Amino acid sequence: MSQLTKTPQPQRTHHPHDPPEAVGRTALRRDFSASIVLFLLAVPLSLGIALATGAPPQAGLVAAVVGGIVAGLLGGAPLQVSGAATGLLVVTADLVQRFGWRATCAITVLAGLTQLALGALRVARAALAVSPAIVHGMLAGIGATIAIGQLHVVLGGSAESSALANALALPGQLAHPHTAALLIGALTVAVLIGWGRLPGRLGRRLASVPAALVAVLAATAVSVGADVPRVELPSWQAPSLPALPDATVPALAAAVLTVTLVAAMESLLSAVAVDRLAVEHPGTPSRPSDLNRELAGQGVANIVTGLLGGLPISGGAIRGSANVRAGATGRRATVLHGLWVLLCAGLSAAALELIPLAALAALVMLVGVRMVSFAHIRHVQRHREFPVYAATLGGVVALGVLQGVLTGIAVAAFLALRRLTHTRITVLEEEGRHRVRVSGQLTFLAVPQLTRALALVPACSDVVVELCGSFMDHAAYEALQSWSARHRAQGGWVTLGGRSGRPIAEPAGAHACSPWTPWRNHHCTRPAPAREAAPGSSGSQLMGGVSAFQRHTAPLVREELARLAREGQRPTQLFLACSDSRLVTSMITSSGPGDLFAVRNVGNLMPPPGSDGACDSVGAAVEYAVEVLEVGSITVCGHSGCGAMKALLTTPDEVPPGPEAPAPDPTALARWLRHGRPSLDRMRAASGRPDEDEVSLAERPVADDHERLALVNVRQQLDHLRAHPCVARRVAEGALALHGMYFHVGEAQAYVLDEASGRFSAVRAEAAPVTV
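Thresholds, definitions, all that
Residues numbered from 1 in each chain as written. Predicted model: local features only at pLDDT ≥ 70, side-chain atom pairs only at ≥ 80, totals over all residues. Heavy atoms only, no water. Buried < 20%, exposed > 50% of the residue type's maximum accessible area, 1.4 Å probe, protein only. Helix = DSSP H or I, 4+ residues; strand = E, 2+ residues; numbered from the N terminus. Pairing = 2+ DSSP bridges. Patch = residues over 30% accessible without salt bridge, like charges linked within 9 Å, V, L, I, M, F, W, Y side chains within 5 Å. Areas by Shrake-Rupley, 256 points an atom, 1.4 Å probe, with all protein chains shown as cover. Salt bridge = Lys/Arg side-chain N within 4 Å of Asp/Glu carboxyl O. Phe/Tyr/Trp six-rings, centres within 6.5 Å; stacked < 30°, edge-to-face > 60°. Contact = heavy atoms within 4.5 Å. Axes fitted to C-alpha atoms, helices over the stretch in contact; angles between N-to-C directions. Core = buried A, V, L, I, M, F, W, Y, C linked by side-chain atoms within 4.5 Å. Expected span 1.5 Å × (residues − 1). Arc of directions from axis to C-beta. Parallel < 35°, antiparallel > 145°, perpendicular 65-115°, else oblique. Left-handed = near helix turned anticlockwise from the far one by under 90°. Nonpolar A, V, L, I, M, F, W, Y, C, P; charged D, E, K, R; others polar. pLDDT = per-residue confidence, 0-100.

Novice: Help me understand the pairing of strand 9 (residues 633-639) in this model?
Specialist: Across a regular strand the side chains alternate sides, sitting on one face of the sheet and then on the other. Taking burial as the measure, the 7 residues of strand 9 include 7 buried ones, the bulk of the element. Burial along strand 9 is two-sided: S633, T635, C637 and H639 and I634, V636 and G638, pointing in opposite directions, are all buried. Relative to strand 9, strand 7 (residues 573-578) runs parallel, the two being bridged by 5 bridges. Pairing of L576 across the sheet is with V636, part of strand 9. Relative to strand 11 (residues 737-744), strand 9 is paired through 7 bridges, and the arrangement is parallel. Looking across to strand 11, one finds that S633 is bridged to A737.

Novice: Explanation requested: a nonpolar patch on the surface in the structure shown.
Specialist: A contiguous nonpolar surface patch, about 280 Å² in accessible area, is contributed by L417, L420 and F471. Take F471: it is sitting in the loop between strand 5 (462-467) and helix 21 (474-489).

Novice: I keep staring at the pairing of strand 11 and nothing clicks. Help me out?
Specialist: Within strand 11, 8 of the 8 residues are buried, which leaves it mostly tucked inside the rest of the structure. Burial along strand 11 is two-sided: the face carrying A737, H739, M741 and F743 and the face carrying L738, G740, Y742 and H744 are both buried. With 4 bridges joining them, strand 11 and strand 12 (residues 749-754) adopt antiparallel strand pairing. Of the residues in strand 12, the one forming a bridge with H744 is Q749. A loop of 4 residues connects strand 11 with strand 12, the two strands running antiparallel in sequence, and A748 in this loop sits at a positive phi of about 50°.

Novice: Hey, could you run me through the packing of aromatic side chains in this one?
Specialist: The description of an aromatic ring pair rests on the distance of the ring centres and on the angle between the ring planes. Per the counting criterion, the structure on display carries 5 aromatic pairs. Aromatic pair F32 and W340: ring centres 6.0 Å apart, planes at 80°, arrangement edge-to-face. Note that F32 is positioned in helix 1 (residues 20-53) and W340 in helix 14 (residues 332-347), a separation of 308 residues in sequence. We classify W340 as partly exposed; its relative accessible area is 22%. Ring geometry for F386 and Y389: centres 6.0 Å apart, planes at 25°, overall stacked. With F386 and Y389 both in helix 18 (residues 386-398) and 3 residues apart, this pair spans about one turn of that helix.

Novice: What am I meant to see in the sheet that holds strand 10 (residues 696-697) here?
Specialist: What links the strands of a sheet is backbone hydrogen bonding, and the strands pair in either a parallel or an antiparallel sense. Read across the open sheet, the 7 strands follow the order 8-7-9-11-12-13-10; overall the sheet is mixed. Here the strands that pair on one side only, and so sit at the sheet edges, are strand 8 (596-601) and strand 10. Against the sheet, helix 28 (residues 705-722) makes contact with strand 9, strand 10, strand 11, strand 12 and strand 13 (759-762), and its axis sits at roughly 160° relative to strand 11, the strand it touches most.

Novice: For this particular structure, what's the right way to read the side chain of T188?
Specialist: Within the element layout of this structure, T188 appears in helix 8 (residues 179-194). In contact with T188, other than residues within four places in its own chain, are A215, A219, A359, A362 and L363.

Novice: Looking at this structure, how should I read the nonpolar core?
Specialist: Grouped burial of nonpolar side chains is what soluble globular proteins tend to show. Core analysis: the biggest nonpolar cluster contains 53 residues, and L574, I634, L721, V727 and F760 have the highest contact counts within it. A per-element tally of this core places helix 28 first, with 7 residues. Those residues in contact with L574 that sit more than four places away from it in its chain are F597, V599, V622, A625, V631, S633, I634 and T635. A50, L89, A263 and L415 belong to the second-largest nonpolar core, a separate cluster that totals 47 residues.

Novice: I'm lost on helix 24 (residues 616-628) in this one. Help?
Specialist: Because an α-helix completes one turn every 3.6 residues, residues spaced three or four positions apart along the sequence face the same direction. In this model, helix 24 (13 residues) spans 17 Å end to end at C-alpha, consistent with the 18 Å of a helix rising 1.5 Å per residue. When helix 24 is considered as a whole, its buried residues turn out to be V618, G619, A621, V622, A625 and V626. An end-on view of helix 24 places all buried positions within 160° of arc, on one side of the element. Exposed and oriented more than 90 degrees from the buried face of helix 24 are D616, S617 and V628. Looking at the residues trailing helix 24, positive phi occurs at E630, about 55°.

Novice: I tried to follow unusual backbone geometry on my own but got confused; where do I start?
Specialist: Here the phi dihedral of S590 falls at roughly 50°; this positive angle occurs in a residue that is not glycine. According to the relative accessible area criterion, S590 is exposed, its value standing at 68%. In the Ramachandran plot, N604 falls in the positive-phi region, its phi being about 40° despite a non-glycine side chain. Take N604: it is sitting in the loop between strand 8 and helix 24. For N604, a relative accessible area of 2% corresponds to the buried category.

Novice: Teacher, can you tell me more about the packing of helix 18 against helix 19 (residues 401-421) here?
Specialist: Interaxial distance between helix 18 and helix 19 falls to 7 Å at its minimum, and their mutual angle equals 160°. With respect to helix 19, the element helix 18 is oriented roughly antiparallel. Read as a crossing pair, helix 18 and helix 19 show a hand that is right-handed. Where helix 18 approaches helix 19, its residues P387, V388, A391, T392, G395 and V396 are matched on the opposing element by V401, G404, V405, T407, G408, V411, A412 and L415. Tallied by class, residues from the contact of helix 18 with helix 19 come to 9 nonpolar, 5 polar and no charged.

Novice: Please explain the pattern of salt bridges as it appears in this structure.
Specialist: Once their charged atoms are close, side chains differing in charge can pair, the charge on each being opposite to the other. Applying the stated criterion across every chain, the model contains 17 salt bridges. In this structure, R437 engages E466 in a salt bridge whose closest nitrogen and oxygen atoms are separated by 2.9 Å. Here R437, found in strand 4 (residues 433-439), pairs with E466, found in strand 5; they are 29 residues apart in sequence, far enough to count as distant. Take R437: its relative accessible area is 29%, and that puts it in the partly exposed class. D580 is the partner of R582 in a salt bridge, and the nearest nitrogen-oxygen pair spans 2.7 Å. With relative accessibility at 42%, the residue R582 sits in the partly exposed group. Residue class for D580 comes out buried when judged on its relative accessible area of 14%. Salt bridges linked by common partners bring R197, E627, R729 and E733 together as one network.

Novice: Whenever I open this one, the environment of H422 confuses me. Can you help?
Specialist: By secondary structure assignment, the location of H422 is in the loop between helix 19 and strand 3 (424-430). Residue H422 is classed as partly exposed on the basis of its relative accessible area of 47%. Taking the C-alpha atoms as reference points, H422 and G440, 18 residues apart in sequence, are found 6.4 Å from one another. With sequence-adjacent residues up to four places away left out, H422 is seen in contact with S439, G440 and Q441.

Novice: Would you explain helix 13 (residues 317-325) in this entry?
Specialist: Along helix 13, the positions that sit buried rather than exposed are R319, G320, S321, A322, N323 and V324. Two residues or fewer after helix 13 comes G327, characterised by a positive phi angle close to 95°.

Novice: Quick question: what am I supposed to make of the packing of helix 24 against helix 29 (residues 725-732) here?
Specialist: Angle between the axes and distance between the axes are the two parameters that describe a pair of packed helices. One can describe the packing of helix 24 onto helix 29 by two numbers: an axis separation of 9 Å at closest approach and a directional angle of 35°. Helix-helix and strand crossings are classified by hand; for helix 24 and helix 29 the assignment is left-handed. Residue-level contacts link V622, E623, V626 and E627 of helix 24 to C726, V727, R729 and R730 of helix 29. In the contact of helix 24 with helix 29, the residues fall into 4 nonpolar, no polar and 4 charged.

Novice: For this particular structure, what's the right way to read the confidence of the model for the protein chain?
Specialist: Atomic detail in the predicted coordinates should be set aside for any region of low pLDDT. Residues at a pLDDT of 70 or more form 85% of the protein chain, whose mean pLDDT is 81. In this model residues 499-537 is a low-confidence stretch, pLDDT under 50, and it forms 50 contacts with partners more than four residues away in sequence or in other chains.

Shown next as structure tokens:
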């Protein structure tokens, strides 16, 4: 068999048996490298945010320094990076215009004190109870406002006081753009978008350099000699003390509340997102954040930045995700990046003044555009929260951040009340009896509708009442029980059913397992022992299961499947598993319709590009999932007792046939198993290195070569996945994560792969869910 070129393995962070001092040196080296990446990202972003708010340019650098050092040391999210708050850009710009810069600093200090108090009261978790649709709508509204305002600067003008004013003035600005500024802005946007998509090995290496830095450097180099506005840094001097604004107490309280709310929500949500990203990133310590400590640390940082004349601070998903992807292991990277910004501000002011304003405006404009996430829109639409999202977004753009959030809360409360009171009751006659189906919550508001429906049921009839909702209050219960007693007294028959839709007194069908309960030994659909030898018994078993589905489960999933039929499939995950009948993917992942895009084949193999054309089916499925469905993760799942792995171990190596012995025509199965040979070669190569196992299980030794090959095969197929261009591109963009999993059938235990160490760790019931 011809040798296949292997994709380079991910760099090993440390071996589990390395001495502590070696592990410490590795962590320090990774944190130092990550701090440089953060520094190169923070400087242009901080300057751009400061200029967009109308604050002094050095205010953004002060915020980056304080956010890195103070919030980095005191916060409860070690991998989160704080700095000038993108989400507060619109709020800060409004405060600067209304009250002036010194008053804005005072409001920042008061907001920091409020955050500190909230952290001491340990209410951080309560902030996460706000509907995600409101949070995403708020961020999208802020992003839209930022993008429209900074577009004016890219065109050579200046932003107006509000988003509506910017939108109305945009046609005139487009009619008379500043050509040089527009070209510089266009170049900046092109570099920002295209930098992470450079092809080839060189492109992958260059992707580690922040696109923001490259874009600003390129724009600065091109603008040499051009007459365009540039950054102006005044000489550093002691900051003037903040001063309370000349405003009424309600106006001041509203301003402080807005800064506190937006900064806290952005920081806490970013901390949760960074925690999730750290779990998915190989080799990164994944300790859950202390959100109350993080809120208090953000409060102290805002107090300090306000006193020093800096912008308001919050944690940001942009900086935090860059920190994790750069390999940071703890808070050292955040603190060091703050020190580098401090040194840059003191030693490189002349170089910063060469940067054209159009480049920074284009950078911030693209940040605003990316805050309007189509993934978030699909997510809230799937949960039927789009009206809340749209109301919040529109309110933020038209009225302001705090007013937009209040608008979203009002719409969310209205929809919740409507869903609580929206009840549909139907009366059907079927097979000589009546069926009363109640869809929705049964509260006192629905009692009149319920009594009208029950009045349609003839006396002395058999009635089944199906309660498909999850809640029934006392008034509805009394009304239903009173009617049932009267109907039985008149000679009728009444049966009350729950969410399963099966009346209690109704005879059990062929399938005795209740739907929506844990799967357990589903042998109840098998034919009776006396009939097992009869022809077609397997078909009877299958049809018994289908009949049970139609009877018990179809009524529960019909509405959801109808929605999926209308909207189409939108899975977030691709699951590549073996065809083995014992591997029930929906069971081990607790997934339902529309959750997984599943691809199954013998041996969970992923043929690399350029393989035999007969294997295009798997590659086509992966390409469809990545390019069309835009899944966010791919999981390769092997399992114990895999017949394909056994066949690979027992089949002799291929020997070229002699001149008198023509090669036999291999079967379809033999041709397919050739794609598993790289896994076997990889395992055999590792056997010659007894000091460094290719794979291991964290909780127990690997049982035998059969299990070892199944584990190695998961890693090899992940490498084959990365060789596909569409997968490699999405992974480089940070839009796709790859995972490895091993399921031991006899133990009913799933193991998840850490690619950096090659260890498979058992997923525990008490642990946080692992995203796959």
